[in-house]
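# Examining the three-dimensional arrangement
Each chain is listed here by its residues.
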Amino acid sequence: MADDFNEITRPAHYVAAGGIEPFDFINSNGLGFAAGNVIKYVFRFSRKGGVVDLLKARWYIDRLIEHARAGANDEGN
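Let me sum up the structure you'll find in this document. (Residues numbered from 1 in each chain as written. Predicted model: local features only at pLDDT ≥ 70, side-chain atom pairs only at ≥ 80, totals over all residues. Heavy atoms only, no water.)

### Let's talk about the packing of aromatic side chains
Filter applied, for reference: The aromatic pairing rule takes the rings of Phe, Tyr and Trp, using the six-membered ring of Trp, and pairs them if the centres are within 6.5 Å, calling planes under 30 degrees apart stacked, those over 60 edge-to-face and the rest tilted. Classification of residues uses two cut-offs on accessible area relative to the type maximum, computed with a 1.4 Å probe and protein chains only: under 20% is buried, over 50% is exposed, and between them is partly exposed. In this scheme, Lys NZ or Arg CZ marks a charge over a ring once it lies within 6 Å of the ring centre and within 35 degrees of the ring normal.
Overall, the coordinates contain three aromatic pairs when judged by the stated rule. Ring centres of W59 and Y60 lie 5.0 Å apart, and the angle between their planes is 85°; on these two criteria the pair is classed as edge-to-face. On the accessibility criterion, W59 (45% relative accessible area) is partly exposed. Stacked on the ring of F43, the Lys or Arg R47 has its end atom at 4.8 Å from the ring centre. Over the ring of W59 we find R63, and its NZ or CZ is 4.5 Å from the ring centre.

Next comes the structure, spelled out in structure tokens:
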């Protein structure tokens, strides 16, 4: 299955060597939008977006920090 890549449903840049996809990890751990995006961008940065993906992850981390400091929930809602 690891070689059954599809641009829409199973992009190669989202599949780790072990076949784990960020979507599955995020859902199985009950992460929300902001934390899920951190995982997604860190996961794929070396395969797709490089430094831009790391900057996107940092943007979401900064939002999570702001909301945590303000006493909001961990998802920045």
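### Notes on helix α2 (residues 33–44)
Using the following cut-off: Helix and strand labels come from DSSP, where a helix needs a run of H or I of at least four residues and a strand needs a run of E of at least two; each type is numbered from the N terminus. Expected span of a helix, by definition, is 1.5 Å for each gap between consecutive residues, and there is one gap fewer than residues. The criterion used for residue contact is that any of the two residues' heavy atoms lie within 4.5 Å.
The end-to-end C-alpha separation of α2 is 16 Å, in line with the 16 Å expected for twelve residues at 1.5 Å each. Inspection of α2 places A34, A35, G36, N37, V38, Y41, F43 and R44 among the buried residues, and these make up the whole buried set. Buried residues in α2 make contact with α1 (22–28) and α3 (51–69).

### Some remarks on a nonpolar patch on the surface
The line we're drawing: Patches here are clusters of residues that have more than 30% relative accessible area and form no salt bridge, with a 9 Å joining cutoff for like charges and a 5 Å cutoff for nonpolar side chains (Val, Leu, Ile, Met, Phe, Trp, Tyr). To be clear on the numbers: accessible area is Shrake-Rupley with a 1.4 Å probe, and residue cover counts the displayed protein chains and nothing else. In what follows, salt bridge is the name for a side-chain nitrogen of Lys or Arg lying within 4 Å of a carboxyl oxygen of Asp or Glu.
Residues V42, F45 and L54 make up a contiguous nonpolar surface patch of roughly 210 Å² in combined accessible area. Position of F45 among the secondary structure elements: in the loop between α2 and α3. Accessibility expressed as a relative area gives 31% for F45, which makes it partly exposed.

### A word on the side chain of D53
Note the threshold: Whenever a nitrogen or oxygen atom comes within 3.5 Å of another N or O atom, the pair is scored as a polar contact, on the condition that within protein one atom can donate a hydrogen and the other can accept it, and that pairs from neighbouring residues in sequence are kept only if both atoms are in side chains.
If you trace the backbone, D53 turns up in helix α3. Polar side-chain contacts of D53 include one of 2.6 Å to the side chain of R44. When sequence neighbours within four positions are dropped, the list of residues in contact with D53 reads Y41, R44, F45 and K48.

### Concerning α3
Given 3.6 residues to a turn, an α-helix orients residues that are three or four positions apart in the same direction. Compared with the 27 Å implied by 1.5 Å per residue over 19 residues, the 27 Å span of α3 between its first and last C-alpha is a close match. On its buried face, α3 is in contact with α2.

### A closer look at the nonpolar core
Put simply, the rule reads: Remark: nonpolar core denotes a set of buried residues (Ala, Val, Leu, Ile, Met, Phe, Trp, Tyr, Cys) joined through side-chain atoms within 4.5 Å.
Formed by A34, A35, V38, Y41, A57, Y60 and L64, the largest nonpolar core amounts to seven residues. Elements with a minimum of two residues in this core: α2 and α3. By residue number, the principal contributor to this core is α2, which donates four residues.

### A word on the pattern of salt bridges
Applying the stated criterion to the full structure yields two salt bridges. A salt bridge links R44 to D53; the nearest nitrogen and oxygen atoms lie 2.6 Å apart. For the residue pair R44 and D53, the accessibility class agrees, reading buried in each case. The partner of R63 in a salt bridge is E66, and the shortest N-O contact between them spans 2.9 Å. Here R63 pairs with E66, and both are found in helix α3, just three residues apart, close to one helical turn. For R63, a relative accessible area of 22% corresponds to the partly exposed category.

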